[in-house]
Amino acid sequence: MNDTLKKLMDRNQFSDETKAIIENENLLPIGLLNRLHNNYEKYSGIMDDSDLMFTTKNHYSGLKGFREIVATLNENGIDIGHIEERELFIKVYRFLATKHVLNTINWNDFKDDLIFQLVFPQPGMVKPEIFKAYMATDIEDEKKQLIEDYIKSNTNPHDGKQLLNKPWYEDDNNELVILDGSQHKYPQVQLLFDKTTQSCFAFCTYCFRHAQVRGDEDMFNQKEIKPVVDYIRKHKEVTDVLVTGGDGAYMPYDRFVSYTKPFIEDPDFSHIKTLRVGTRVLTFHPELILTKDYEKTLGWFKTLIDNGVQVAFMAHFSTPREVLNPATIAAIRRLRSYGILIKSQSPIMNHISLFTDDNGNVDIDRSAQNWIDLGNIFAMVSVGFHSMYCARPTGEHHYFTVPLADIDKVFSKVYRTLPSINRPSRYITMTSSAGKTSILGTVEVNGEKLFALKFNESRNMEWMDKVFLAKFNETENTVEKLIPYEGDKHFFEDELTEIEDYKMQALAKKMEV
């Protein structure tokens with residue numbers, strides 16, 4: 001074994017099993033590591049040789065886990081401060097961090113470390129007036145009530161009216177079957193929130209599916225497999241099944257097989273072309289991929305691929321540091337060696353992958369460079385750059401968002417700088433009940449500056465055929481609130497209301513029968 005490779009694996013405390021897999025499958029070729037590190041040394045953790053601070057537990061969960069981390073940091077002379085404010089965020093949402101992600105953070109400069117921003121609650125995330133009210137009382141019941149009220153009125157866990165996306169069908173006995181763990185909004189893609197994928201390997205602070213990981217009563221949660229399979233059999237327009245959550249990579253081998261075996265054994269499922277796995281395992285727990293136990297799942301994915309079903313890991317990389325470490329690089333290469341496609345669909349979030357100056361103005365050049373470098377790193381490790389999207393109006397949206405006009409400037413620089421093969425596959429988007437709206441840029445009509453918009457997914461897919469215009473606004477951060485250029489409504493709004501009303505009324509009527 002190469003001395004450099006041995007040193008890297010020893011420093012990262014890989015198990016003997018993982019070391020053998022990496023060596024036997026050539027997952028960390030030194031030429032690739034050197035090229036990545038030399039090109040992007042300012043982000044790279046590939047050649048780090050500092051002692052790891054977190055070496056025992058694999059996961060740190062909730063307030064207890066957070067406090068354990070803080071204690072370890074304090075023992076090492078590091079005080080992250082703002083503990084009460086950070087803990088309030090955890091009580092409203094949740095907290096989970098892995099040993100891997102904790103050791104990816106540069107604790108010598110944690111305030112500016114983007115992974116620290118991604119995983120750890122930050123001062124200012126929870127609205128200041130709520131934190132002030134929380135600290136103003138010592139009565140525990142009042143604190144709990146304040147948190148409950150805040151969750152109900154402020155966190156908006158089902159933005160875009162996601163509950164309307166829940167599908168249903170009538171079985172052979174004419175009985176109504178509602179898929180409580182599924183969404184089917186766009187014809188080609190069905191989302192699956194299995195009971196095994198409700199958690200994540202670590203929690204992003206901007207999570208827009210906190211109803212799932214928090215365990216809200218109205219979370220999407222699919223307990224039985226057969227209703228999903230029966231629904232897919234009936235709906236030939238579905239070509240892609242997206243296993244999501246939580247984290248899709250949490251699904252165990254047996255349930256993957258149970259859901260997908262009919263795809264390759266039953267001719268009634270020949271319409272299924274792709275299995276997508278929505279996951280951040282490559283950021284938060286790549287070591288999972290580098291085990292003997294995971295070989296069964298990889299083998300099943302290979303079987304699907306050999307039978308004409310594409311398997312795609314939909315990663316969510318938004319910073320170069322997430323990629324530039326030995327475990328993640330090895331995991332990417334192992335997935336690729338089994339024929340699995342990896343694409344990254346990445347949110348552009350203030351403080352994490354978008355940056356402002358002391359006056360709150362967006363630093364266009366610095367923000368764009370993060371994504372330009374990330375796009376070129378993707379090319380070097382064979383990850384497809386699928387898309388960038390705006391912060392959804394959920395959770396602590398005020399903290400993570402900036403004006404759409406500034407995001408458009410950042411994206412435009414990214415798009416024109418990257419070579420065509422390494423660019424995002426579509427323009428920057430934002431999700432609403434109507435669909436995913438792309439900001440194509442700006443245009444001047446009769447001397448007036450306007451946003452040019454176009455759906456790349458929509459409740460009526462024919463809406464995608466039309467470019468539409470909205471008044472330019474330097475401060476607005478939500479696509480839904482943009483004012484139409486002509487008239488008082490966008491062209492699709494009346495039909496959208498009809499579709500939403502129909503979905504609500506049709507399901508209510510079915511349930512009455």
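Our structure's up above, just so we're on the same page.
Parameters and conventions
Residues numbered from 1 in each chain as written. Predicted model: local features only at pLDDT ≥ 70, side-chain atom pairs only at ≥ 80, totals over all residues. Heavy atoms only, no water. 1 Å grid on protein atoms, 1.4 Å probe; cavity = no way out; pocket = protein on both sides within 12 Å on 5 of 7 lines; lining within 4 Å. Points joined across faces, edges and corners; volume = space filled by probe spheres on them. Nonpolar A, V, L, I, M, F, W, Y, C, P; charged D, E, K, R; others polar. Helix = DSSP H or I, 4+ residues; strand = E, 2+ residues; numbered from the N terminus. Phe/Tyr/Trp six-rings, centres within 6.5 Å; stacked < 30°, edge-to-face > 60°. Buried < 20%, exposed > 50% of the residue type's maximum accessible area, 1.4 Å probe, protein only. Axes fitted to C-alpha atoms, helices over the stretch in contact; angles between N-to-C directions. Parallel < 35°, antiparallel > 145°, perpendicular 65-115°, else oblique. Left-handed = near helix turned anticlockwise from the far one by under 90°. Contact = heavy atoms within 4.5 Å. Core = buried A, V, L, I, M, F, W, Y, C linked by side-chain atoms within 4.5 Å. Salt bridge = Lys/Arg side-chain N within 4 Å of Asp/Glu carboxyl O. Disulfide = S-S within 2.5 Å.

### A look at the layout of surface pockets
Next, step 1: One number sums up the size of the largest pocket: a volume of about 1,100 Å³.
Next, step 2: Of the residues assigned to the lining of the largest pocket, the class counts are 19 nonpolar, 19 polar and 12 charged.
Next, step 3: One number sums up the size of the second largest pocket: a volume of about 470 Å³.
Next, step 4: Together, 25 residues line the second largest pocket, and N12, F14, K99, H100 and E287 are the ones closest to its centre.
Next, step 5: Those elements giving two or more residues to the lining of the second largest pocket turn out to be α6 (99-104) and α16 (326-337).

### Some words on the packing of aromatic side chains
Each aromatic ring pair is characterised by the separation of its centres together with the angle its planes make.
Next, step 1: One pass over the structure, following the stated rule, counts 33 aromatic pairs.
Next, step 2: Where F89 meets Y93, the ring centres are 4.7 Å apart and the plane angle is 35°; that geometry is what we call tilted.
Next, step 3: On the basis of relative accessible area, Y93 is assigned to the buried category, the value being 9%.
Next, step 4: Taken together, a centroid distance of 5.4 Å and an interplanar angle of 40° make the contact between W463 and F492 tilted. Placement of the pair is W463 in the loop between β14 (448-458) and β15 (467-471) and F492 in the loop between β15 and α20 (493-512), with a sequence separation of 29 residues.

### Quick notes on the packing of helix α17 (residues 364-381) against helix α19 (residues 404-417)
Next, step 1: Two elements in contact, α17 and α19, have axes separated by 9 Å at closest approach and are oriented at 45°. With respect to α19, the element α17 is oriented oblique. The element α17 and its partner α19 pack so that their crossing is right-handed. In this structure, α17 uses I364, D365, S367, A368, W371 and I372 to contact α19, whose residues at the interface are D406, K409, V410, K413, V414 and T417.
Next, step 2: Residue composition of the contact of α17 with α19, grouped by class: six nonpolar, two polar and four charged.

### Comments concerning unusual backbone geometry
Next, step 1: Here N26, not a glycine, exhibits a phi torsion of approximately 55°, which is positive.
Next, step 2: Relative to the assigned elements, N26 resides in the loop between α2 (16-24) and α3 (30-39).
Next, step 3: A positive phi angle, near 60°, is found at N174, a position not held by glycine.
Next, step 4: Relative to the elements of secondary structure, N174 occurs in the loop between β3 (168-170) and β4 (176-178).
Next, step 5: Assessed through its relative accessible area of 61%, N174 is described here as exposed.

### Observations regarding the nonpolar core
Next, step 1: Counting residues in each nonpolar core, the largest one holds 137 residues, and the members touching the most others are I80, W107, F120, F301 and F313.
Next, step 2: The leading source of residues in this core is α17, at seven residues.
Next, step 3: The residues touching I80, leaving out its near neighbours within four places in the chain, are F66, V70, L73, R86, W107, F110, F116 and F120.
Next, step 4: Formed by five residues, the second largest nonpolar core is a distinct cluster that contains V189, F193, F220 and L242.

### Comments concerning the packing of helix α8 (residues 128-135) against helix α9 (residues 140-154)
Next, step 1: It is the contact of α8 with α9, at a shortest axis distance of 9 Å, that shows an interaxial angle of 160°. The angle between α8 and α9 places the two elements in the roughly antiparallel class. Crossing handedness for the pair α8 and α9: right-handed. Facing α8, whose interface residues are I130, A133, Y134 and M135, α9 presents K143, L146, I147 and Y150.
Next, step 2: Along the lines of polarity and charge, the residues of the contact of α8 with α9 split into seven nonpolar, no polar and one charged.

### Thoughts on the pattern of salt bridges
Next, step 1: Here the structure, examined in full by the defined rule, presents 21 salt bridges.
Next, step 2: The salt bridge partner of E25 is R334, with a shortest N-O separation of 2.9 Å. Of the two residues, E25 is situated in the loop between α2 and α3 and R334 in helix α16; the sequence distance between them amounts to 309 residues.
Next, step 3: Within the structure, one salt-bridge network assembled from shared partners comprises E25, K292, E295 and R334.

### Re the state of the cysteines
Next, step 1: The tally for this structure, following the rule as stated, stands at zero disulfides.
Next, step 2: Lacking any disulfide linkage, C200 is separated from the closest cysteine sulfur, that of C207, by 6.0 Å.
Next, step 3: Residue C200 is classed as buried on the basis of its relative accessible area of 11%.
Next, step 4: Its sulfur unpaired, C204 is 6.8 Å from the next cysteine sulfur, which belongs to C207.

### Topic: the environment of L324
Next, step 1: Mapped onto the elements, L324 comes out in the loop between α15 (320-323) and α16.
Next, step 2: Classification of L324 by relative accessible area gives buried; the value is 0%.
Next, step 3: The residues contacting L324, other than those within four sequence positions of it, are L36, Y40, Y43, S44, G45, I46, I329 and I377.

### Digging into helix α5 (residues 83-92)
Next, step 1: With seven of 10 residues buried, α5 is to be regarded as a mostly interior element.
Next, step 2: All of the buried residues in α5 are E85, R86, E87, L88, F89, I90 and V92.
Next, step 3: Considering only its buried residues, α5 is in contact with α4 (62-75), α7 (114-119), α8, α9 and α10 (210-214).

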